[in-house]
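Here is how the chains run, residue by residue.
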There are 2 protein chains.
Amino acid sequence: MSNTAYTGAELLAVAHEMADAARAAILPFFRQTDLVADNKLDGGFDPVTAADRAGERAMRAVLAAKRPDDGILGEEYGTQDGTSGLVWVLDPIDGTRGFISGTPTWGVLIACSDDNGPVLGVIDQPYIGERFVGGFGTAEVQGPHGVIPFKTKQNSELSQAILFTTFPEVGTEIEAAAFRKVSEQVQLTRFGMDCYAYGLVATGQVDLVIEAGLNAYDIQGPIGVIEAAGGIVTDWQGKPAHMGGRVLAAANPDIHAKALAILKGIE
Amino acid sequence: MSNTAYTGAELLAVAHEMADAARAAILPFFRQTDLVADNKLDGGFDPVTAADRAGERAMRAVLAAKRPDDGILGEEYGTQDGTSGLVWVLDPIDGTRGFISGTPTWGVLIACSDDNGPVLGVIDQPYIGERFVGGFGTAEVQGPHGVIPFKTKQNSELSQAILFTTFPEVGTEIEAAAFRKVSEQVQLTRFGMDCYAYGLVATGQVDLVIEAGLNAYDIQGPIGVIEAAGGIVTDWQGKPAHMGGRVLAAANPDIHAKALAILKGIE
């Protein structure tokens, strides 16, 4: 399938280099009060900043130098076909609303995927200096307190579970109602963490993240991270989630099955 | 009024020493998966951890050594009368739900107050290593990217404002309805940041934080921080908020007046 040989260690090194480059490109814009937010979607509030674009350009420059035959799917600059069978899926700033609010919850998302989905994932939080990395036997967070291996929670009871989503409205009214049905069963529901919530599934803090309306580049990095930690990410029908849409990320198969049984009921 | 002379620099040094001690006491418990959460309130979910108690003991030990004549009001160990006219108001872990979820949004809150309210405030986020400090001419955040002076936003338009609260339900149904009236007027409403949201008002990222049901120890640290940055914190009637209850924190008097005009209408 590939004319470009690679090892997992090489891909991991490239991913770190990309994340380092994105950090350096984006951080100068963070918490600057003169930041201009464009309205990308008519009527919606989806700011795109110079930081977003600078971050993706920085990552693409690394790929051009190190992995020129791989494909790219990026939030800001679209698709670039490759010949290697691998595609890098990039979201330079996932959580732009968090970014413009100054919260340390947005992240740089990087995945390297083959035809079956992500084989490597990175969630990087540049302000904290924290990076969740999964793939090819690596499952760890590198942060202000060192490098710490991670694995997901083994709790299988919804009544003891912690559930996260970013916005209380979740998505459509139907999607919000489905979310609430799960929320009513769990011990604690929390909001506002953007992609950071997926990192917390990987580190064994959070049982479930349920979101809707995602794009491929919003979820492939988290899938790589969570699967490396022992978790499972699907859509609300139990099918692969790497193309985005409605997403259920769970710490383990048991808690996943219980949440899925509730979400599956919606049309 | 006082038989214990002090300078602002001395009190700031004591506050830093307390925050350092609380960090060291609390961090070993953070993101530990075997953490036991007690239910402090019947029927409510208000976990108190060993970390909470250890953090307050560490701060009280600093006060016993350095400021034995000052009073103390702490979340975990209650009131200790003093003779100096100063009271230290302590919340070792504000945002226990965030703490048990692994989010970097909880904080150690420290205020030093006289009869008129806080003269010094600290919001410390131990995991990030970030400390918002205000009082006696100091208004700065010390964090992973150095020491950065802060001041609040000067935006006076609700239509351009960013509003934070921790829980979508805010408090009672009446309080939630009042919150929504403000929320409908602003550009962006975000949830889930615990006390970190008040730090973001000080650093000029967030215009408004509206909460209800607070205790004195939940808000006095933030008051000290925000007032030092040029912001204003009152209750929903425009009166002093340092005893807790319903709180409106605003970046400047203009945006405060506009939000207050909406909140004041509730019974």
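This structure is a prediction, so every number in the text was calculated from the model and none was measured.

1. Some details on helix 2 (residues 50–66) of chain B
Between its first and last C-alpha, helix 2 of chain B extends 25 Å over 17 residues, near the 24 Å set by a 1.5 Å rise per residue. Taken residue by residue, helix 2 of chain B has Ala-51, Asp-52, Ala-54, Gly-55, Glu-56, Ala-58, Met-59, Arg-60, Val-62 and Leu-63 of chain B as its buried positions.

2. A few points about the confidence of the model for chain A
A low pLDDT score tells you not to read the predicted coordinates there in detail. Residues and elements named next belong to chain A. Residues at a pLDDT of 70 or more form 92% of chain A, whose mean pLDDT is 92. Every residue in residues 35–47 is under pLDDT 50, and counting partners more than four places away or in other chains gives 27 contacts. The complex prediction reports pTM at 0.93, with the ipTM value standing at 0.92.

3. A short note on the sheet that holds strand 11 (residues 162–165) of chain B
Residues and elements named next belong to chain B. Pairing is mixed in the open sheet, where 5 strands are placed in the order 12-11-13-15-14. Bordering the open sheet on either side are strand 12 (188–191) and strand 14 (232–234), each of which pairs with just one other strand. Mean inter-strand twist for the sheet, computed between neighbouring axes without regard to direction, equals 20°. As paired strands, strand 13 (residues 208–215) and strand 15 (residues 244–250) are joined by 6 bridges and run antiparallel to one another. Paired with Asn-215 across the strands is Gly-244, a residue of strand 15. Packed on one face of the sheet, helix 4 (residues 173–183) meets strand 11, strand 12, strand 13 and strand 15 and runs near 160° to strand 11. Against the sheet, helix 7 (residues 253–263) touches strand 13, strand 14 and strand 15, its axis set at about 135° to strand 15.

4. With respect to the sheet that holds strand 10 (residues 146–149) of chain B
Residues and elements named next belong to chain B. The sheet built from 8 strands is open, its strands ordered 4-3-5-6-7-8-9-10 with mixed pairing. The open sheet is flanked by strand 4 (78–80) and strand 10, the only strands paired with a single partner. Looking at each pair of strands side by side, their axes are set apart by 15° on average, direction ignored. Of the pairings in the sheet, the one linking strand 6 (residues 107–114) to strand 7 (residues 117–125) comprises 7 bridges and is antiparallel in character. For Asp-114, the partnering residue across the bridge sits in strand 7 and is Gly-117. Contacts from helix 2 reach strand 3 (71–74), strand 4, strand 5 (87–94) and strand 6, with the element oriented near 155° to strand 5. The strands touched by helix 6 (residues 216–228) within the sheet are strand 3, strand 5, strand 6, strand 7, strand 8 (130–135) and strand 9 (138–143), with strand 7 carrying the most contacts at an inclination of about 100°.

5. Comments concerning the domain arrangement of chain A
Residues and elements named next belong to chain A. Partitioning chain A into domains gives domain 1 (8–149) and domain 2 (158–263). On a C-alpha basis, the centroid separation for the pair domain 1 and domain 2 is 20 Å. Of the roughly 1900 Å² buried where domain 1 meets domain 2, counting both sides, 71% is carbon and sulfur surface. In this structure, the connection of domain 1 to domain 2 is made through 4 residue pairs in polar contact (both at pLDDT 80 or more). Listing elements by their share of the side of domain 1 that touches domain 2, those giving two or more residues are strand 3 (87–94), helix 3 (96–101), strand 4 (107–114), strand 5 (117–125), strand 6 (130–135) and strand 7 (138–143). Sort the elements by how many residues they give to the side of domain 1 that touches domain 2 and strand 5 lands first, with 7 residues. Within the side of domain 1 that touches domain 2, the residues separate by chemical class into 17 nonpolar, 13 polar and 5 charged.

6. Remarks on the packing of aromatic side chains
Residues and elements named next belong to chain B. Tallied over the entire structure, the rule returns 13 aromatic pairs over all chains. Plain terms: the ring middles of Phe-30 and Trp-106 are 5.2 Å apart, the flat faces sit at 55° to each other, and that makes the pair tilted. Remark: Trp-106 occurs in the loop between helix 3 (96–101) and strand 6 and Phe-30 occurs in the loop between helix 1 (8–26) and strand 1 (38–39); sequence separation between them is 76 residues. The residues Phe-30 and Trp-106 share a single accessibility class, namely buried.

7. Some points on the relation of the copies chain A and chain B
Overlaying chain A on chain B yields an RMSD of 0.0 Å, the required transformation being a rotation through 180° with an accompanying axial translation of 0.0 Å. On the angle and the small slide along the axis, the relation comes out as a two-fold axis. A shared binding surface is used by both copies, with 100% of the interface residues of chain A retained as interface residues in chain B.

8. A closer look at the packing of helix 1 (residues 8–26) of chain A against helix 2 (residues 50–66) of chain A
All names here are of chain A. At a minimum axis separation of 8 Å, helix 1 and helix 2 run at an interaxial angle of 150°. With respect to their mutual orientation, helix 1 and helix 2 come out roughly antiparallel. The two elements helix 1 and helix 2 cross, and the hand of that crossing is right-handed. Packed against helix 1, whose contacting residues are Val-14, Glu-17, Met-18, Ala-21, Ala-22, Ala-25 and Ile-26, the element helix 2 presents Ala-51, Ala-54, Gly-55, Ala-58, Met-59, Val-62, Leu-63 and Lys-66 at the interface. For the contact of helix 1 with helix 2, the residue count by class is 12 nonpolar, 1 polar and 2 charged.

Conventions and cut-offs
Residues numbered from 1 in each chain as written. Chains lettered and ligands numbered in written order. Predicted model: local features only at pLDDT ≥ 70, side-chain atom pairs only at ≥ 80, totals over all residues. Heavy atoms only, no water. Helix = DSSP H or I, 4+ residues; strand = E, 2+ residues; numbered from the N terminus. Expected span 1.5 Å × (residues − 1). Buried < 20%, exposed > 50% of the residue type's maximum accessible area, 1.4 Å probe, protein only. pLDDT = per-residue confidence, 0-100. Contact = heavy atoms within 4.5 Å. Pairing = 2+ DSSP bridges. Axes fitted to C-alpha atoms, helices over the stretch in contact; angles between N-to-C directions. Domains from an automatic or database assignment. Buried area = accessible area lost by both parts, 1.4 Å probe. Polar contact = N/O pair within 3.5 Å; in protein donor to acceptor, adjacent residues only side chain to side chain. Nonpolar A, V, L, I, M, F, W, Y, C, P; charged D, E, K, R; others polar. Phe/Tyr/Trp six-rings, centres within 6.5 Å; stacked < 30°, edge-to-face > 60°. Least-squares fit on C-alpha atoms with pLDDT ≥ 70 in both. Parallel < 35°, antiparallel > 145°, perpendicular 65-115°, else oblique. Left-handed = near helix turned anticlockwise from the far one by under 90°.

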